[in-house]
Amino acid sequence: LTKRWNINDNINGKQAINEAAELLKSGSTVAFPTETVYGLGADATNETAVAGIFAAKGRPADNPLIAHVATKEQLKKLVSILPPVAEKLIDQFSPGPLTYVLPSNGVCATNVTAGLSTIGVRMPSHPVAQELLQQCDLPIAAPSANTSGKPSPTTAGHVWSDLEGKIAGVLDGGPTGVGVESTVIDCTQEIPIILRPGGVTREQLEEVIGSVMVDPALANTGDKPKAPGMKYKHYAPEVPLWLVEGSLQNVVDEQRGKVQRIGVMASTETAASIRADKVISLGSKQSLNEIAANLYDALRTFKEGDIDLILCETFPEQGIGQAIMNRLKKAASVYVPGK
Ligand code: TXA
Ligand code: MG
């Protein structure tokens, strides 16, 4: 049976986090909110506990997990070297939505790193995650708390619908803020490399450390991505998704008669004038942050048997738009270029 704690209330919240921490210390898996998406946690030093994460999610064993810690001191206990560039990034962006890939010192179980010599480490800023990590006083391995392949969960309800009955509990802290996962940056190279675009933008990183690179495989070169998880098809909604660069309405009209019911995901401005069977507004074009925050919930809103095809607008690949478009391209089966 999966426990669900509502922690919006402060006093009972502490108690709930305490119970969750005890479960984690005893080797169970518990989902918790972070500022990006909900994570599914387990004691990162306990191989059997970590195996429970892979089993609950149906996650491929070759995809390493991120170790979550509360402080820089705890982070240092998991790595053999902390290069100056990583230290600079930590001081500027942690706690926050940035994951550092660093040389592992082997303190975490081998299934956390999927046998790699490096480890991904992150300090989440969400107050519930912070409190939980402090109470455990352990590194907590935590991938996104979804069934492998599905969109990451941004509410406890999303976690529940994927993992109820498969994990010990869910701490419900309401919707997460950022809405897309952390940026993963490889700090083992002379010039750091973005392996996954996310909550901290390339522009923000460059302001602090000068030039950063982006894993060329992210631009669909056919190369093998440096983050093992980036090679998988991800974020798939229940029905096919087409990413449409040009006029959405033209494609809706073209597909009428070929498919039964057409759904649309678009900015509020575009959604206002679209005629389709179901239209979900992601937020204003003026705020890519709002669009990121609503993206995964929107992908989960279209259900099989209700909608047969989803058409989604494209967004500028700047700032958080890089993460939005990376996820949409992975979720989409067809890309319709503009004319
Ligand atoms: O925002 C987030 O990062 C969320 C919350 C829960 O913290 N977590 C998350 O974890 O998105 P997950 O497991 O869904 O994605 C982790 C990504 C995967 O693409 C994985 O391959 C990559 O990070 N990764 C982890 N460790 C790595 C390593 N040592 N080297 C390269 N890539 C690594
Ligand atoms: Mg994930």
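Residues numbered from 1 in each chain as written. Chains lettered and ligands numbered in written order. Predicted model: local features only at pLDDT ≥ 70, side-chain atom pairs only at ≥ 80, totals over all residues. Heavy atoms only, no water.

As recorded in an unreviewed UniProt entry, the protein chain goes by the name Threonylcarbamoyl-AMP synthase, listed as coming from Virgibacillus oceani. Quoted verbatim from the Sequence similarities (unreviewed entry) heading of the UniProt record, the comment on the protein chain is "Belongs to the SUA5 family." Per UniProt, the protein chain has the following entry under Subcellular location (unreviewed entry): "Cytoplasm". (UniProt positions renumbered as here; feature names shortened; annotations may be inferred.)

Asks: How should empty space enclosed by the protein be read in this particular structure?
Replies: Over the atoms rolls a probe the size of a water molecule, and its path tells where empty space is left. Counting across every chain of the model gives 1 cavity of 30 Å³ or more. Along its surface, the largest cavity is lined by Thr 183, Ile 194, Pro 197, Gly 198, Val 200, Thr 201, Arg 202, Gly 319, Ile 320, Gln 322 and Ala 323. In terms of residue class, the lining of the largest cavity is built from 5 nonpolar, 5 polar and 1 charged. (1 Å grid on protein atoms, 1.4 Å probe; cavity = no way out; pocket = protein on both sides within 12 Å on 5 of 7 lines; lining within 4 Å. Points joined across faces, edges and corners; volume = space filled by probe spheres on them. Nonpolar A, V, L, I, M, F, W, Y, C, P; charged D, E, K, R; others polar.)

Asks: What am I meant to see in the pairing of strand S13 (residues 262-266) here?
Replies: Both faces of the sheet carry side chains from a regular strand, because those side chains alternate between them. For S13, a buried count of 5 out of 5 residues is recorded, marking the element as mostly surrounded by other parts of the structure. Of the two faces of S13, the one carrying Ile 262, Val 264 and Ala 266 and the one carrying Gly 263 and Met 265 are both buried. Of the pairings in the sheet, the one linking S13 to strand S15 (residues 309-313) comprises 4 bridges and is parallel in character. Considered in S15, the bridge of Met 265 is made with Cys 312. Here S13 pairs with strand S14 (residues 278-281) via 4 bridges, running parallel. (Buried < 20%, exposed > 50% of the residue type's maximum accessible area, 1.4 Å probe, protein only. Helix = DSSP H or I, 4+ residues; strand = E, 2+ residues; numbered from the N terminus. Pairing = 2+ DSSP bridges.)

Asks: Help me understand the UniProt feature "binding site: L-threonine" (unreviewed entry) in the protein chain in this model?
Replies: Those residues carrying the UniProt feature "binding site: L-threonine" (unreviewed entry) are Thr 36, His 68, Arg 122 and Ser 182 in this numbering. Across 147 residues, the annotated set stays spatially compact, with a maximum C-alpha separation of 12.9 Å. The subset of these annotated residues that lines the largest pocket comprises Thr 36, His 68, Arg 122 and Ser 182. Position of Arg 122 relative to the elements: it lies in strand S6 (residues 118-122).

Asks: What am I meant to see in the site of ligand 1 here?
Replies: As a structural note, the neighbourhood of ligand 1 is formed by 28 residues, with Thr 36, Asn 63, His 68, Ser 182 and Gly 229 the closest of them. The contact in question runs from an oxygen atom of ligand 1 to an N or O atom on the side chain of His 68, over 2.7 Å. Measuring from an oxygen atom of ligand 1, one finds a backbone N or O atom of Gly 229 at 2.7 Å. Contact with the protein chains hides 97% of the accessible area of ligand 1, taken as 680 Å² for the molecule alone. In this structure, ligand 1 is accommodated by the largest pocket. Broken down by secondary-structure element, the contributors of at least two residues to the shell around ligand 1 are strand S4 (66-68), S6 and strand S10 (193-196). Among the elements that line the shell around ligand 1, the one with the most residues is S6, at 4 residues. In terms of residue class, the shell around ligand 1 is made up of 14 nonpolar, 9 polar and 5 charged. (Near = heavy atom within 4 Å. Polar contact = N/O pair within 3.5 Å; in protein donor to acceptor, adjacent residues only side chain to side chain. Areas by Shrake-Rupley, 256 points an atom, 1.4 Å probe, with all protein chains shown as cover. Sits in = over half its atoms within 2 Å of the grid points.)

Asks: In this structure, what is going on with the layout of surface pockets? I would like to understand it.
Replies: Estimates place the volume of the largest pocket at around 700 Å³. Taken together, 42 residues line the largest pocket, and the ones lying closest to its centre are Asn 63, Pro 64, Ile 66, Val 184 and Arg 196. When residues of the lining of the largest pocket are traced back to their parent elements, those giving at least two are S4, strand S5 (98-103), S6, strand S9 (183-186) and S10. At 4 residues, the largest contribution of residues to the lining of the largest pocket is made by S6. Looking at side-chain class alone, the lining of the largest pocket contains 16 nonpolar, 18 polar and 8 charged residues. Reported here for the second largest pocket is a volume of approximately 560 Å³. If you go around the second largest pocket, you meet 22 residues; those closest to its centre are Ala 217, Leu 218, Ala 219, Asn 220 and Asn 326. Broken down by element, the residue count for the lining of the second largest pocket peaks at 5 residues, all from helix H11 (residues 321-331).

Asks: Please clarify how the sheet that holds strand S3 (residues 39-43) should be interpreted in this entry.
Replies: Within a sheet, neighbouring strands are paired by backbone hydrogen bonds and run either parallel or antiparallel to one another. The 11 strands are arranged S1-S8-S2-S3-S7-S4-S6-S5-S9-S10-S11 in an open sheet whose pairing can be described as mixed. Where the open sheet ends on each side, the last strands, each with one partner, are strand S1 (3-6) and strand S11 (213-214). Here S5 pairs with S9 via 4 bridges, running parallel. Bridging from a neighbouring strand, Thr 99 pairs with Val 184 of S9.

Asks: Looking at this structure, I do not really get the UniProt feature "binding site: ATP" (unreviewed entry) in the protein chain. What am I missing?
Replies: The positions UniProt marks with the feature "binding site: ATP" (unreviewed entry) are Arg 59, Asn 63, Thr 118, Ala 142, Ser 144, Ser 152, Arg 196 and Tyr 235. The named residues occupy 177 residues along the chain; their greatest pairwise C-alpha distance, 25.3 Å, places them well apart from one another. Of the annotated residues named above, the ones that line the largest pocket are Arg 59, Asn 63, Thr 118, Ala 142, Ser 144, Ser 152, Arg 196 and Tyr 235. Taking relative accessible area as the criterion, Arg 196 reaches 14% and is therefore assigned buried. Among residues more than four places away in sequence, those in contact with Arg 196 are Ile 66, Glu 181, Ser 182, Thr 183, Val 184, Leu 218, Met 230 and Arg 327. One polar contact links the side chain of Arg 196 to the main-chain carbonyl oxygen of Ser 182, over a distance of 3.0 Å. (Contact = heavy atoms within 4.5 Å.)

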